[in-house]
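Below are the chains, spelled out letter by letter.
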Amino acid sequence: MKAAACMGIKNIKLVDIDKPEPKDDGVLIEVKACGICGSDLHVYNSDLLTEDSTKTIGDHRIIGHEFCGEIVETGKNVTSFRVGDRVASVHNKGGMAEYVEIPGDRLKSLYKLPEDLSYITAATLEPLCNPMHSYHLREPKNDETVAIFGSGAIGLGYLQIVKSYTNAKTIIVDVSNLRLNIAQKFGADIAINARDEDAVKKIKEISGEHYVRYQDRTAGGCDIAIDCAGLALTFIQTMEVLKPEGGTAIIASVYEEHASIDPNIVMLKYLSMYGSMGYYPNETEEALTLIARDPEKRNLLISHMLPLSNVAEGFALQSDPERSVKVIITME
Ligand SMILES: [Zn+2]
């Protein structure tokens, strides 16, 4: 079968490997669609998280974890799934391949899809699970202001959830007009292109500017700020736009650099901070319900669909925020 293997930095190649077989307590999925994740880009661009984000098959490291497809074989002991079941997978790797074998102890990470939900749309499930977890760490209230740094799949997913569940005011920051336009379609109240204007200054204008004891820099007035961009700069800005006394930072990104920050700001502003990585099964169910409720809305995220044979082009596209939001690789 064909599969997409990481051969080094910026080198994704189509390889031919043996079609797997399910174990007695596992299943075989014929993959239909697989999204390229931001974490896949860390592998692609920097060889970071390669071990975590790929499945080793023989000499190859097969990438892809945001996939869905049809169960085409089940092991003889499997009772929870049947041939023909349409499923989305979370937490399993090696999804950019024609088939993926799921062992018995991983069947709990397969979610049956509603009949009318397309595989393409369902492939966006996993990147909605992460922000669902971020959302529940500190749920915004209707009269609160939320700043979102990064208008990629995670930032947009978080925005979609906040706008679906609350009337909180949302401010989103990115450097890609394409992505900021999509954010507006998801209902962002204010979209700021940080290339065109000083994002922090603008957020302070909108959310209020507050004096901070013993500091020469003022604070913004946001109740929640989430960093989905993963830059040293956005990490610091996340701290800066929060209001003193009660502001909550959510760190929902992988960083490739260290940030330098005066830690006194955490004490002087009484900041709270959550790290957000991963999600619980009930949050996956909830994300799937939200997608199924309005698939057209979710499809706004998808900028490109490319066949597996064009996977290298897919990664190049996904690495360019000016040209793409979410690239989905299809197997047919
Ligand atoms: Zn992902």
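The following refers to the structure shown.

By volume, the second largest pocket is sized at about 180 Å³. Lining the second largest pocket are 14 residues, and of these Gln215, Arg217, Ile236, Glu240 and Ile265 sit closest to its centre. At three residues, helix 8 (residues 232-241) tops the list of elements feeding residues into the lining of the second largest pocket.

A separate point is helix 8. In terms of burial, helix 8 is largely enclosed, as eight of its ten residues are buried. Considered for burial, the residues of helix 8 that qualify are Ala232, Thr234, Phe235, Gln237, Thr238, Met239, Glu240 and Val241. Residues of helix 8 that are buried sit in contact with strand 10 (145-149), helix 7 (199-207), strand 13 (224-227), strand 14 (248-251), helix 9 (264-268) and strand 15 (272-275).

Let us now look at the sheet that holds strand 14. Spatially, the six strands line up as an open sheet ordered 12-11-10-13-14-15, and their pairing is parallel. The outermost strands of the open sheet, each flanked by one partner alone, are strand 12 (190-193) and strand 15. Mean inter-strand twist for the sheet, computed between neighbouring axes without regard to direction, equals 15°. By the bridge criterion, four bridges tie strand 13 to strand 14 in an arrangement that is parallel.

Rules used throughout
Residues numbered from 1 in each chain as written. Predicted model: local features only at pLDDT ≥ 70, side-chain atom pairs only at ≥ 80, totals over all residues. Heavy atoms only, no water. 1 Å grid on protein atoms, 1.4 Å probe; cavity = no way out; pocket = protein on both sides within 12 Å on 5 of 7 lines; lining within 4 Å. Points joined across faces, edges and corners; volume = space filled by probe spheres on them. Helix = DSSP H or I, 4+ residues; strand = E, 2+ residues; numbered from the N terminus. Buried < 20%, exposed > 50% of the residue type's maximum accessible area, 1.4 Å probe, protein only. Contact = heavy atoms within 4.5 Å. Pairing = 2+ DSSP bridges. Axes fitted to C-alpha atoms, helices over the stretch in contact; angles between N-to-C directions.

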